2 protein chains.
Amino acid sequence: MKSALDPSDVGGYAELHAMPVWGMGEISPGDSIADLIVDALALGGLRLHAGDIVVVKHKMVSKAEGRMVDLDTVKPSAAAKRFAARNGSDARVTELALREARRVVRKQHVLITETAHGLVCANSGIDVSNVDGGKTAVLLPLDPDRSASRIMQKLKKRTTLHIPVIIADSFGRAWREGLHEVAIGVAGMLPIHDYRGQYDCYGYKMHSSEECVADELACVAGLVCGKRDAIPACIIRGYRYRRGNGSARRIVRPATKDLFR
Amino acid sequence: MKSALDPSDVGGYAELHAMPVWGMGEISPGDSIADLIVDALALGGLRLHAGDIVVVKHKMVSKAEGRMVDLDTVKPSAAAKRFAARNGSDARVTELALREARRVVRKQHVLITETAHGLVCANSGIDVSNVDGGKTAVLLPLDPDRSASRIMQKLKKRTTLHIPVIIADSFGRAWREGLHEVAIGVAGMLPIHDYRGQYDCYGYKMHSSEECVADELACVAGLVCGKRDAIPACIIRGYRYRRGNGSARRIVRPATKDLFR
């Protein structure tokens with residue numbers, strides 16, 4: 001029987017430690033997320049270690065990149081007004097969501113769209129909470145993989161370390177209640193761990209075992225950062241990621257395989 | 001402006017630590033998962049602390065409960081044979097999946113069903129990997145909430161501590177590639193953290209913020225236990241859960257709200 005239990009091969013298996021990054025303060029357009037993280041850690045007497053992963057809530061990235069819209073400047077279309085009136089939502093947010101969508105997936109109770117990034121989520125990922133009390137909407141970063149890559153490069157400059165970066169957002173999902181965090185941007189590690197064709201401990205060849213570790217790492221950030229974005233980032237220590245040119249686009253299921261369009 | 005940043009109220013915010021439970025050995029029908037965990041920890045000089053959460057991979061629970069079927073005893077129906085022939089799968093597994101399903105959700109490439117528990121997943125959650133090399137299929141526990149509750153009660157007897165228990169399985173999802181862990185059984189804590197109606201740091205009332213912390217905790221187990229079930233459980237320390245009569249049924253979206261049936 002083929003033995004295949006090689007920890008270096010299968011990832012995980014070690015203790016995992018996740019630390020919220022306190023004290024990053026309010027984020028403004030033009031801010032460097034990497035600098036804010038390194039400086040906030042230093043204030044607490046902490047620093048990044050080799051092997052660490054940084055997870056950043058997307059809203060901070062969007063704010064730093066100026067992806068914000070004053071809702072007073074948004075003129076909702078008739079369609080946006082109808083939907084909003086029917087569902088008790090803000091027509092300006094619906095309007096923005098439709099503008100940011102390349103496809104409407106469902107339009108009952110909630111507006112579920114596919115964004116330009118291929119992400120399927122409510123309202124094209126547009127969020128009004130945790131900004132400024134309801135005057136401004138925050139859009140998703142234009143290219144979250146690139147945002148992650150930029151933060152990673154800056155972290156390398158500051159620390160000389162290779163630190164993978166995941167940008168996380170809270171998404172709903174089909175069939176299950178409650179949001180959970182997912183990775184919408186990834187840099188420096190493979191987002192999906194592919195076990196297919198490998199053998200389990202009993203010599204059985206595994207068929208459908210691709211694990212989205214980037215989403216699981218994003219979920220860790222959900223637990224340590226909370227939902228109110230008072231803590232915009234966390235450090236995950238102890239997870240044996242696989243280094244590579246990761247991209248969150250790899251997590252988006254291609255249309256040909258999508259049974260729930 | 002209403003300030004609402006009360007850490008005791010919002011959960012999370014602390015460091016989180018997750019430890020794999022090594023050395024539980026092979027699990028057989030009738031085994032007590034709680035005893036195996038406490039004994040395995042003791043062998044490593046470890047013990048459960050107040051505030052810990054235990055996450056157990058469902059397969060260990062199913063094995064302990066004898067939810068196994070010898071595939072040689074399964075006679076596939078004509079429908080199961082047709083589906084399996086078209087998709088290169090094992091007709092006996094398809095047959096079991098159809099028997100365990102209360103509804104077929106999709107039947108292309110993969111068989112996606114709704115189980116008696118209301119869980120929507122591939123093959124009714126039936127798994128052949130990590131058992132005995134392909135001879136035996138493992139079904140989901142009959143009542144994973146009850147299984148979690150039983151393990152919790154036994155842990156209390158052994159340690160006098162209240163330790164919430166989550167039973168986790170790897171599910172695929174719509175629109176996204178790769179499996180991730182979800183909670184199919186929960187005891188001793190609320191699986192969903194409800195922020196609705198609370199205010200963010202800017203005084204904005206949050207509308208659609210229910211967070212499925214049970215699934216996020218299950219994802220932590222995915223990261224520290226790996227996919228080959230060599231490590232059937234993990235301890236999560238530092239997450240401020242909300243105590244309560246939790247149930248994974250709370251996570252199942254009711255049919256009336258389900259847009260992807």
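No experiment lies behind these values; they were computed from the predicted model shown.

**Concerning the overall build of chain A**
Of regular secondary structure, chain A possesses 7 helices and 12 strands. Taken against the 2.2 N^0.38 rule, which gives 18 Å for 261 residues, the C-alpha radius of gyration of chain A at 20 Å falls within 12% of a compact globule. Viewed in the frame of its principal axes, chain A has a C-alpha envelope of about 65 × 45 × 25 Å. Residue burial in chain A is summarised as follows: out of 261 residues, 51% are buried. Of the contacts formed within chain A by residues at least 6 apart in sequence, a portion of 64% connects residues at least 24 apart.

**Regarding the relation of the copies chain B and chain A**
Relative to chain A, chain B is turned by 180° and slid 0.0 Å along the rotation axis, the superposed coordinates differing by an RMSD of 0.0 Å. Such a turn and shift between the copies fits a two-fold axis. Across chain B, the rotation axis passes nearest the C-alpha of histidine 17 of chain B, at a separation of 2.3 Å. Interface overlap between copies: 100% of the residues of chain B at the interface are likewise at the interface in chain A, consistent with a symmetric, same-surface contact.

**A few points about the sheet that holds strand S1 (residues 16–20) of chain B**
With mixed pairing, the 10 strands of this open sheet are ordered in space as S9(A)-S8(A)-S2(A)-S12(A)-S1(A)-S1(B)-S12(B)-S2(B)-S8(B)-S9(B). On the outer flanks of this sheet lie strand S9 (180–187) of chain A together with strand S9 (180–187) of chain B, each paired with one strand and no other. This sheet shows a mean twist of 25° between the axes of neighbouring strands, independent of strand direction. Bridge count between strand S1 (residues 16–20) of chain A and strand S12 (residues 233–237) of chain A: 4 bridges; the pairing is antiparallel. Residue pairing in the sheet places alanine 18 of chain A in a bridge with isoleucine 236 of chain A of S12 of chain A. Across the sheet, helix H6 (residues 144–159) of chain A touches strand S2 (53–57), strand S8 (165–171) and S9 of chain A, and the angle it forms with S9 of chain A is around 65°.

**Concerning the packing of helix H4 (residues 78–87) of chain B against helix H5 (residues 91–100) of chain B**
Residue and element names in this part refer to chain B. Packing of H4 against H5 leaves a shortest axis separation of 8 Å and a crossing angle of 125°. What the angle tells us is that H4 and H5 run oblique. Seen from above, H4 lies across H5 with right-handed handedness. Contacts from Ala80, Lys81, Phe83 and Ala84 of H4 reach H5 at Ala91, Thr94, Glu95 and Leu98. Here the contact of H4 with H5 is composed, by residue class, of 5 nonpolar, 1 polar and 2 charged.

**What to know about the interface of chain B and chain A**
Taken together, the contact pairs 66 residues of chain B with 66 residues of chain A. In terms of residue count, the dominant contributor to the side of chain B that touches chain A is helix H7 (residues 213–225) of chain B (10 residues). Grouping the amino acids of the side of chain B that touches chain A by side-chain chemistry returns 35 nonpolar, 14 polar and 17 charged. In the sheet, S1 of chain A pairs with S1 of chain B via 3 bridges, with the strands oriented antiparallel. Bridge pairing links leucine 16 of chain A to alanine 18 of chain B in S1 of chain B.

**Structural notes on H5 of chain B**
Burial runs high along H5 of chain B: 7 of the 10 residues are buried. Structurally, H5 of chain B contributes buried residues whose contacts are with strand S3 (68–70), H4, strand S4 (101–108), strand S5 (110–115) and strand S7 (136–138) of chain B.

**A few points about the domain arrangement of chain A**
Residues and elements named next belong to chain A. Each assigned domain of chain A is listed with its residue range as follows: domain 1 (11–65 + 141–253) and domain 2 (68–137). Relative placement of domain 1 and domain 2: their C-alpha centres are 26 Å apart. Contacts between the two partners involve 11 residues from domain 1 and, on the opposite side, 9 residues from domain 2. Where the side of domain 1 that touches domain 2 is concerned, the elements lending two or more residues are helix H3 (58–64) and S8. Its residues assigned to classes, the side of domain 1 that touches domain 2 shows 4 nonpolar, 1 polar and 6 charged.

**Topic: the nonpolar core**
Core analysis: the biggest nonpolar cluster contains 157 residues, and Val55 of chain A together with Val55 of chain B have the highest contact counts within it. When neighbours within four sequence positions are excluded, valine 55 of chain B is seen to be in contact with Ile166, Ala168, Leu217, Ala218, Val220, Ala221, Ala233, Cys234 and Ile236 of chain B.

**Some thoughts on unusual backbone geometry**
Residues and elements named next belong to chain B. Although it is not a glycine, histidine 109 adopts a positive phi angle of roughly 50°. Structurally, histidine 109 can be placed in the loop between S4 and S5. Histidine 109 sits in the partly exposed class, given 13 other C-beta atoms within 10 Å. A positive phi is found at tryptophan 175, a non-glycine position, where the angle reads about 70°.

The rules behind the values
Residues numbered from 1 in each chain as written. Chains lettered and ligands numbered in written order. Predicted model: local features only at pLDDT ≥ 70, side-chain atom pairs only at ≥ 80, totals over all residues. Helix = DSSP H or I, 4+ residues; strand = E, 2+ residues; numbered from the N terminus. Rg over C-alpha atoms; globule rule 2.2 N^0.38 Å. Buried ≥ 20, exposed ≤ 12 C-beta atoms within 10 Å, placed from the backbone. Contact = placed C-beta atoms within 7 Å. Least-squares fit on C-alpha atoms with pLDDT ≥ 70 in both. Pairing = 2+ DSSP bridges. Axes fitted to C-alpha atoms, helices over the stretch in contact; angles between N-to-C directions. Parallel < 35°, antiparallel > 145°, perpendicular 65-115°, else oblique. Left-handed = near helix turned anticlockwise from the far one by under 90°. Nonpolar A, V, L, I, M, F, W, Y, C, P; charged D, E, K, R; others polar. Domains from an automatic or database assignment. Core = buried A, V, L, I, M, F, W, Y, C linked by C-beta atoms within 7 Å.

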